[in-house]
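Fold and contact review
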Amino acid sequence: MRIGAGLTQAVRQAERQGIAPELIYDLIEQASEEGARRALAQLGLSDGQAGTDITELRLLLDSWRDVRRTALQALVRWLMRLFFSALILGLAVKFKLLQLGQIFGQ
C-alpha cells in the first residue's frame, strides 16, 4: 500500500506509541474506502448502475464532440463554397464573361 507523506508520518508516530502497523494500515484502508463511498454517493454514483451511467455519459460526450466537429467542418465547407462562388462571379464580371446589368434589366 502506498501512502502520502502526511500519512507516513502519522504511521510512524503511531508505531512509536506501540500500535501495530497492520492495524494502522487497516484503519487507513477502511477510511479511504469509506471516503470513496461518500464521494461516489455525493455524485449520485453509488448504485449498481453507476458503471453503466459513466459509460453512457462517455458515449454521449463522444457523440457531442463528433457532432460539433462535423458541424464545424460543414460550416467551413459552405463558407469556402460561398467565397469561391463570389470570386468566380467577380472574375466573370471583371473579364466581361457575364454582364450582370443585362441580367437585372439595366
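Structure shown above.
To start, this report covers the structure provided alongside it. None of the values given here were measured: they were computed from a predicted structure.

So, on to the overall build of the protein. From N to C terminus, the protein includes four helices and zero strands. Along the protein, helices (α) and strands (β) appear in the sequence α-α-α-α when read from the amino end. In terms of overall size, the protein is more extended than a compact globule, its C-alpha atoms giving a radius of gyration of 34 Å where 106 residues would be expected to give roughly 13 Å. The principal-axis extents of the C-alpha atoms in the protein amount to approximately 105 × 30 × 20 Å. Looking at the 106 residues of the protein, the share that counts as buried comes to 8%. Treating the 13 positive side-chain charges of the protein as one cloud and the 11 negative ones as another, the clouds have centres 23 Å apart.

Attention now goes to the packing of helix α1 (residues 5-16) against helix α2 (residues 21-42). Contact geometry of α1 with α2 gives a least axis separation of 10 Å together with a crossing angle of 145 degrees. Our pair here, α1 against α2, has a crossing hand that is right-handed. Where α1 approaches α2, its residues L7, V11, A14 and E15 are matched on the opposing element by P21, I24, Y25 and I28. Considered class by class, the residues forming the contact of α1 with α2 number seven nonpolar, no polar and one charged.

Phi at K96 takes a positive value of approximately 55 degrees, unusual for a residue other than glycine. Among the residues examined, K96 registers a relative accessible area of 66% and is labelled exposed.

Pairing between side chains of opposite charge can happen when the charged atoms of each approach one another. Tallying each qualifying case throughout the model produces four salt bridges. In this structure, E34 engages R38 in a salt bridge whose closest nitrogen and oxygen atoms are separated by 3.4 Å. Highlighted residues: E34 and R38, both in helix α2, separated by four residues, approximately one helical turn. A salt bridge links R69 to D66, with the nearest nitrogen and oxygen atoms 2.5 Å apart. Here R69 pairs with D66, and both are found in helix α3 (residues 50-94), just three residues apart, close to one helical turn. Classification of D66 by relative accessible area gives partly exposed; the value is 38%. One connected set of salt bridges, linked through shared partners, spans E34, R37 and R38.

So, how was this worked out
Residues numbered from 1 in each chain as written. Predicted model: local features only at pLDDT ≥ 70, side-chain atom pairs only at ≥ 80, totals over all residues. Heavy atoms only, no water. Helix = DSSP H or I, 4+ residues; strand = E, 2+ residues; numbered from the N terminus. Rg over C-alpha atoms; globule rule 2.2 N^0.38 Å. Buried < 20%, exposed > 50% of the residue type's maximum accessible area, 1.4 Å probe, protein only. Lys, Arg positive; Asp, Glu negative; His and termini not counted. Charge placed at Lys NZ, Arg CZ, Asp CG, Glu CD. Axes fitted to C-alpha atoms, helices over the stretch in contact; angles between N-to-C directions. Left-handed = near helix turned anticlockwise from the far one by under 90°. Contact = heavy atoms within 4.5 Å. Nonpolar A, V, L, I, M, F, W, Y, C, P; charged D, E, K, R; others polar. Salt bridge = Lys/Arg side-chain N within 4 Å of Asp/Glu carboxyl O.

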